[in-house]
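# Commentary on secondary and tertiary structure
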Amino acid sequence: MPYRRQNMNILLVLLCFCIVVTHCQVNLLYGTRQQIHITDIAASEHEYQRDPVIRPNLKSFPLLDFIYEEGNSTIYWTDQDQSRILRMRLPQNSASRSEPETIASRGLLLIEGLACDWLAGNIYWTNSREIDVAKSDGSSRKVLIWKDVERPSALVLDPPKGLMFWANFETFANIERANMDGSERVVIVSGASNVKWPKALTLDYDEKRVYWLDGEYNALKYSDYNGENQHELIENLGAQRGPHHSSLSLYRDRVYWTHWSGKHQVLHSCDKHRCDTPTPKEGVSSSSDMDIRVFMRDRQIRPPVNPCDPSPCSHLCLLVASDNALTYRCGCPTGIALSPDQRTCLPETETFLLFSASDMILFISNDTPDRTEVILPVRPVFTTTIDFDPVDRFVYWSDSDEHHIKRAKLDGSEETTIHDMEVGEMEGLAVDPVAGNIYWTDTNFRRIQVSRCDGSSRIVLINRDLTLPRAIAVDAARGWFYWSDWGDSAPAIERAYLDGSNREKLIDQDIGWPNGIALDRDHMYWTDGERARIERADLDGRNREVLITLHTKDFFTTHLDGLTQLGDHLYWTDWMSRYVHRTAKRPSQEVTIFNRPQFELKTMRGVKMVNTSAPVEVGENTCARPANGGCSHLCLYRPVGGHICRCPQGFELVNKTNCEIPDAYLVFTHTEGISRLSFIANMTSYNLQMPEMKSPMAIDFSSYDGKLFWTDTGLKTISRAHLNGTSRDNVVEFGLREPVGLTVDWLAHNIYWVDRGSRRLEVARFTGQSRRVLVWEGLEDPVAVVVDPVRSYLYWADVGGVPSITRARLDASQPRKVLGGGVGPLIGKPKSLAIDFDYYRIFWTEQDDDSFSIRFSSLSNFKVNTVVSSPPPVHPRGIAAYKNHIYWSDETDNMNNSFKRSEIDQLPHYYLTRPIGSGYKGVRNLIVYTDKKPRGFNSCAQGNGGCSHLCFSLPPEFRSSSVQVQCGCPSHYQLYAPYGKTFINSCRAPKNMLLFSQKNSISQISFDAGGEPDLVLPIHVRGVTSIAYDPVDGYIYWIDRRTPAIKRARPNGSRSDVIVGASGDYVPFPCSFALDLYTRTIYWVDCDHDVINATRMDPSQSRRSPGSLELDTETEQHPTAVAVYPEVGRIYWANQVSHHNVQVWVAELDGRGARRLDDLPRNDYGEKPRVTSLTLDKSLGKIYWLLIKTDFNGEETDVVSCNLDGSGCVVHQYTYTPVRMTLVDGSIYYVDRSAVLYKAATDWSNPQELVRKDRSAGAGGPLTDVAAGDWLSEQQLREHPCYGNNGRCSHFCVATDSQGRRCGCPVDKILQKGNKNCMTVQKCQTYEFRCRKDDDVICLEKINVAMATMIATTAATRRVSRVRE
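Quick caveat, the model's predicted, so the values are computed rather than measured.

Here is what the cut-offs are and how they apply
- Residues numbered from 1 in each chain as written.
- Predicted model: local features only at pLDDT ≥ 70, side-chain atom pairs only at ≥ 80, totals over all residues.
- Heavy atoms only, no water.
- Helix = DSSP H or I, 4+ residues; strand = E, 2+ residues; numbered from the N terminus.
- Contact = heavy atoms within 4.5 Å.
- Areas by Shrake-Rupley, 256 points an atom, 1.4 Å probe, with all protein chains shown as cover.
- Disulfide = S-S within 2.5 Å.
- Buried < 20%, exposed > 50% of the residue type's maximum accessible area, 1.4 Å probe, protein only.
- Pairing = 2+ DSSP bridges.
- Axes fitted to C-alpha atoms, helices over the stretch in contact; angles between N-to-C directions.
- 1 Å grid on protein atoms, 1.4 Å probe; cavity = no way out; pocket = protein on both sides within 12 Å on 5 of 7 lines; lining within 4 Å.
- Points joined across faces, edges and corners; volume = space filled by probe spheres on them.
- Nonpolar A, V, L, I, M, F, W, Y, C, P; charged D, E, K, R; others polar.
- Salt bridge = Lys/Arg side-chain N within 4 Å of Asp/Glu carboxyl O.
- Core = buried A, V, L, I, M, F, W, Y, C linked by side-chain atoms within 4.5 Å.
- Phe/Tyr/Trp six-rings, centres within 6.5 Å; stacked < 30°, edge-to-face > 60°.
- pLDDT = per-residue confidence, 0-100.
- Polar contact = N/O pair within 3.5 Å; in protein donor to acceptor, adjacent residues only side chain to side chain.

### Quick notes on the overall build of the chain
Helix and strand counts for the chain stand at three helices and 111 strands. Summarising the internal contacts of the chain: among those between residues at least 6 apart in sequence, 44% fall at separations of at least 24. In the structure as shown, the chain presents an accessible area of about 59,400 Å², 47% of it carried by carbon and sulfur atoms.

Given below as structure tokens:
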């Protein structure tokens, strides 16, 4: 007992000693995903301090290190998920702790090592394939080591010795050492017997040892700093093998490490010299990986002399071991070179390369040897092209995902969007550094534009004859810009003056995909991605030569893209390898990789090499900043004629230098496009950059949004755009033949037009929606139309018969001839109309025999007055009225049209005419364009008057306190009042309609529209041969013979889909189809493969399509036309047995029970017969088909009818020649070769012509098909046994005679037990029978007929026996 008490006293003394001198205290810094702790692991486990000092809430464990300062230490850690490094100070007073601060985030990929230099105040880390260093606040970041590094990890430092150590384990495992500036690099441990997977390192500063954990050997080893005197401290750690993190630290005589044991990672320790039994520290464990560091002051030794305190360097002071002494070298941020004094860094990078890589822009310095990419701190989404302005030091880029053009400084500051309106797919961008302008190509809108570099003064330079413009380069000193067009039809490289004039095509032969262009003083260079080569030529396109051809032309191996030049070299990006390459500017096959990015890049596109120290070459360019050539807005230099000033939209050029907002100006159409004529700039004019014009005719504008509207009789379209050519779209592009007149109701947002070819007056919304035919009868030759939205009247001129001008309400109701037409004052043939809204009068130009004049009339009394007439010789065409003036074009000289202005004084009538411009060819129509909002208002201007589609303001005399507008519907729609409402303002789509097609159009007639004419639907179609309508979902289906495919779309052209098309190597050729509306299935004939297929109508269900019908017949099948009767589960088709034999067959919808339907003798079909159309009359129980016979006298068509069971077949011969037909409500509708649609009785008597189309190729060709849309009620659908979920059948659902259903399978499938789902079975050869055996199929040779019969009989007997049992 005394002995025991004595030992207790000794322990108490020792414990007190430890507490007093604190030598037994060991603080451990360790971190997990949720928390970072500091714990005294020398205390007993129940006394561990477990309160976390930081709660980072990470998704992966952090790497840790620290800089120890008494009372103000700083902890550093990594956040792998957010790719950043953070720090937080730990003052002595925990209440005053700071918030975590991010010190590095850009360009961080895979960080597997983090270490702090507590002497120089720097932080080091590994980053994928490099080792970086920065100041402790993250500034002055520099790449130290980048060569021959694959995956560095486990970075540790010995600052008092100026040394750093790290491990590599990607390909060859080793441990390396270098000075802390990256110099004197050496491998100290290598070889498979020594190291195989170094997972963690730590240093023993006292004994100059490096310890490492080897995950492959599961051992703890050490050696001296030179890699010698290696020893194995622990032979078997007992750790679980796998990709788990292990951590290692050391303090005084003990080494600490973590490894996985069971489901936790546990801390262990051992004597650093000899370890017989490792000691686990169960109190420090985690269910996830963790990192540890001994957090003690004496762990970070501070020598008496610190060469970096104070720092002699302007940026980084890096410790270096030199002859056993500690010294330093200065370092600069990545990309910046050290000045000759070896202490200060140059102000900026002089030569560098920028390149775009989808969601990032990368910077590579050419001043330093590392060529390490730095991600610019900007926020692109999908960058395609870049450029740099060496004057203002901005980098510019296009973002094709957000459709923006942006710019920022290289440090990420001043990031702004300079263009975000009307920006499509920008694949080329170039800066004019002299004038401070930026040029870009736009593939979507097919145009080239320019603006100031800040985004102001934007104009369109070129928008004609561009297919897919891509690269662009500016030669500012010589006044040219160059661009490439990689459209498949005509790839080329072109150039033009900087104002877009003097366009020249330089290269258009032997060129594929010209993706990149670069210029120097003597040559232009380009990459050809298709031919895998780089070429050059003189700046005028001469002396073309190939510089380099890559060995492979495989697009999936290499694809040359962006191109830039500097000095003697070219640099380009490769879209496939995602490298930056370099070659000489002379013909050579020598290619070097300038940069192999450390990042996993999705793409690599634009590239720009910059030398900021080189002066900007100005040449003869007189637009140099800041004078800008004296221009107030854009200055565009031309090598011939000097610079020219240009103005953005809405401005006019005055005195050749200043842009001012004009009160108004003339805009007119002519044979070469659309131009504007200034009122304030000496009547100068220039062409508007309106794309895709062929023969513009009528023109007007909307004061609501300033857009121009014009008709094009060549393209047969109505279009709109801003004055600068932006926001261009076709608002009407279907069913127009010769739209010669156009007017805009700017209050109701409607457009009106007259079509001279179809003799119609129509209206639509500004967008082209809600199109309605207003007048289609009584128009003989309409030529012009004009609207008065304020007084709510519409006027149009008709020169057919007796010329007239008619007035009507805005919906064209209650028309009245007010001038001419035999009821009003006699007039000649009007050519154009204009309204003077100030004085309420209408002007028109007219022709009467050989005399021409301009006349006007009051809109109240319609008294006619003459302004000018011939003689003297005048030939007025277009006319516009504005502010007591009329402006008109004179085409007396066909090759030199002029404009004139007439001033009109009301009392007395005195007319003074002055010429205001000449030299124009083929002027058609003109308007006075003004930005000022016109006076007036009507009720349609607010909320469209409450109308769902069209709103027509009523004239004052027709208005009441409760009724101000008349609502209207698109053609074939019906107007109604919604339930519970009295205001008739909504439109209902037609239920029953008839469709007919030409090769490139589908038209509609509604049975509910009360005699309204047919209307071409706004659906883009080509090569239409067959059509059908689905009234359930409201889709139109058609066969596109060009593709070939079966497609569908809504009647308004929206939601277009391909239902049947090429898939892999299978290319179908659909030639006929029919719809099963109950099972939502298309039955279609593939004439190339001689099969009938069934495909789901919903594209999302295409994988669940039934497949091909199995027609088990002895007769060879070559199906052509097809029809279905889903109510009774039948399908009918024509079988072209041979060129001289055609038959009609019937089967159940899955192909079962196939048999020939008709019983007609073969000679009734004549020579070379073919069936073009099958139609069912379900009410009479008959089937009809059109039989076309060919002989020496040509073709003739017979109509064959049979009962649906095949009996009573009769051949009818008629004098007319139908080619397609359908039945609706007891009437037959058919189209013939003369492009006429007829209606007849079911016995084909009393044919009535409904529609006659122009069958010429330019007008659409002959009619190709006719189809009806029979409306089905919800009750009718639900009564069908297969409606909804396909009757629970996996493939075919077939209605049976007993009002029931059964399931069926396609070719090579059979029903499983349960008779609902089909399973795939083996395919038998042609010489074999296929026999069913339970849920399987066996194949028997046909020669063993007796055996097959016996097997089948036995199987049937067994089934009968089982049933009896």
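Still more to cover.
### Considering the state of the cysteines
Throughout the structure, instances matching the rule amount to 15 disulfides. The disulfide partner of C1282 is C1293, and the gap between their sulfur atoms is 2.0 Å. Handedness of the C1282-C1293 disulfide follows from its S-S torsion of about -80°: it is left-handed. Note that C1282 is positioned in the loop between α2 (1274–1279) and β106 (1292–1295) and C1293 in strand β106, a separation of eleven residues in sequence. Per residue, the accessibility class of C1282 equals that of C1293, and both read buried.

### As for the environment of A490
For A490, the location among the structural elements is in the loop between β38 (480–485) and β39 (492–497). Overall, the relative accessible area of 39% leaves A490 in the partly exposed class. For the pair formed by A490 and G512, sequence separation is 22 residues and the distance between their alpha carbons is 8.9 Å.

### A word on the sheet that holds strand β29 (residues 383–389)
One open sheet holds the four strands; their spatial order is β29-β30-β31-β32, and the pairing between them is antiparallel. At either end of the open sheet lies a strand with only one pairing partner, and these are β29 and β32 (416–419). Taken pair by pair, the neighbouring strands of this sheet meet at an average axis angle of 30°, ignoring direction. Where strand β30 (residues 394–399) and strand β31 (residues 404–409) come together, six bridges link them in antiparallel fashion. By the bridge assignment, Y396 is partnered in β31 with R407.

### Description of empty space enclosed by the protein
By the definition in use, this model includes three cavities of 30 Å³ or more. Size it by volume and the largest cavity reaches roughly 210 Å³. Mapped by element, the contributors of at least two residues to the lining of the largest cavity are β3 (64–67), β7 (114–117), β11 (152–158), β15 (198–204), β19 (247–251) and β23 (291–294). Looking at the lining of the largest cavity residue by residue, the classes come out as 13 nonpolar, three polar and three charged.

### Remarks on the sheet that holds strand β60 (residues 729–732)
The strand order across the open sheet formed by four strands is β57-β58-β59-β60, and the pairing between neighbours is antiparallel. The open sheet terminates on both sides in strands that have one partner only, identified here as β57 (696–701) and β60. In this sheet, adjacent strand axes meet at a mean angle of 30° when their direction is disregarded. Here β57 runs beside strand β58 (residues 708–712); their pairing, made up of four bridges, is antiparallel. Residue D700 lies in a different strand from β58, and its bridge partner there is F709.

### Let's talk about the environment of V195
Assignment of secondary structure puts V195 in the loop between β14 (186–190) and β15. Among the residues examined, V195 registers a relative accessible area of 2% and is labelled buried. Once the C-alpha coordinates of V195 and W212 are considered, the two residues, 17 residues apart in sequence, prove to be 9.0 Å apart. Leave out the neighbours within four places in its chain, and V195 touches A173, N174, V189, S190, W212, D214 and Y217.

### Some thoughts on the pattern of salt bridges
Under the counting rule described, the total for this entry stands at 61 salt bridges. Measuring nitrogen to oxygen at the nearest pair gives 2.7 Å for the salt bridge that ties E535 to R544. Taking the relative accessible area as the measure of exposure, E535 reaches 2% and is therefore buried. R544 gets classed as partly exposed once you look at its relative accessible area, which sits at 29%.

### Here's the deal with the nonpolar core
Grouped together as the largest cluster of nonpolar side chains are 52 residues, with contacts concentrated most on I85, I123, Y124, W125, M164, F165 and L201. Counting residues per element, this core draws most heavily on strand β12 (residues 163–168), at five residues. Among the nonpolar cores identified, the runner-up in size contains 24 residues, and V434, A435, C623 and Y637 belong to it.

### Quick word on the environment of P469
With respect to the element layout, P469 can be found in strand β37 (residues 469–475). Dropping the residues within four chain positions of it, P469 is found in contact with T441, D442, T443, R446, R447, S484 and D485.

### Points about the packing of aromatic side chains
Under the criterion given, the structure shown has 22 aromatic pairs. Plain terms: the ring middles of Y211 and Y222 are 5.0 Å apart, the flat faces sit at 35° to each other, and that makes the pair tilted. Residue Y211 is found in strand β16 (residues 209–214), and its partner Y222 is found in strand β17 (residues 219–224); the two are separated by eleven residues along the sequence. The burial state of Y211 is the same as that of Y222; both residues are buried. The interplanar angle of 55° and the centroid separation of 4.4 Å between the aromatic rings of F668 and F899 together place this pair among those described as tilted. Note that F668 is positioned in strand β54 (residues 665–670) and F899 in strand β75 (residues 897–905), a separation of 231 residues in sequence. Taking relative accessible area as the criterion, F899 reaches 0% and is therefore assigned buried.

### Things to note about the confidence of the model for the chain
Summary statistics for the chain give a mean pLDDT of 85 and a share of 89% for residues scoring 70 or more. Across residues 1–23, confidence stays below pLDDT 50; counting only partners more than four residues off in sequence or on other chains, it has four contacts. The model gives residues 1358–1365 a pLDDT under 50, and that stretch makes zero contacts with residues more than four places away or in other chains.

### A closer look at the side chain of H1118
Its place among the elements puts H1118 in the loop between β92 (1107–1108) and β93 (1119–1125). Of note is the side chain of H1118, whose polar atom sits 3.1 Å from the side chain of E1116. If near-sequence neighbours (up to four positions away) are discounted, H1118 is found in contact with D1090, A1134, N1135, Q1136 and V1137.

### Observations concerning the pairing of β15
In terms of burial, β15 is a largely internal element, seven of the seven residues being buried. By the bridge criterion, six bridges tie β15 to β16 in an arrangement that is antiparallel. Across the sheet, residue P198 finds its bridge partner in β16, namely D214. Where β15 folds back onto β16 in an antiparallel hairpin, the turn is made up of four residues, including K208, whose phi is positive at roughly 55°.

### Thoughts on unusual backbone geometry
The linkage connecting R625 with the following residue, P626, adopts the cis geometry, with an omega of 0°. Counting through the fold element by element, P626 comes out in the loop between β49 (607–611) and β50 (634–636). For the bond from T1043 to P1044, the omega torsion is -15°, close enough to zero to count as cis. Position of P1044 among the secondary structure elements: in the loop between β86 (1035–1040) and β87 (1045–1049). At S770, a residue that is not glycine, the phi angle is positive and equals roughly 60°. By the secondary structure assignment, S770 is in the loop between β63 (760–765) and β64 (772–775).

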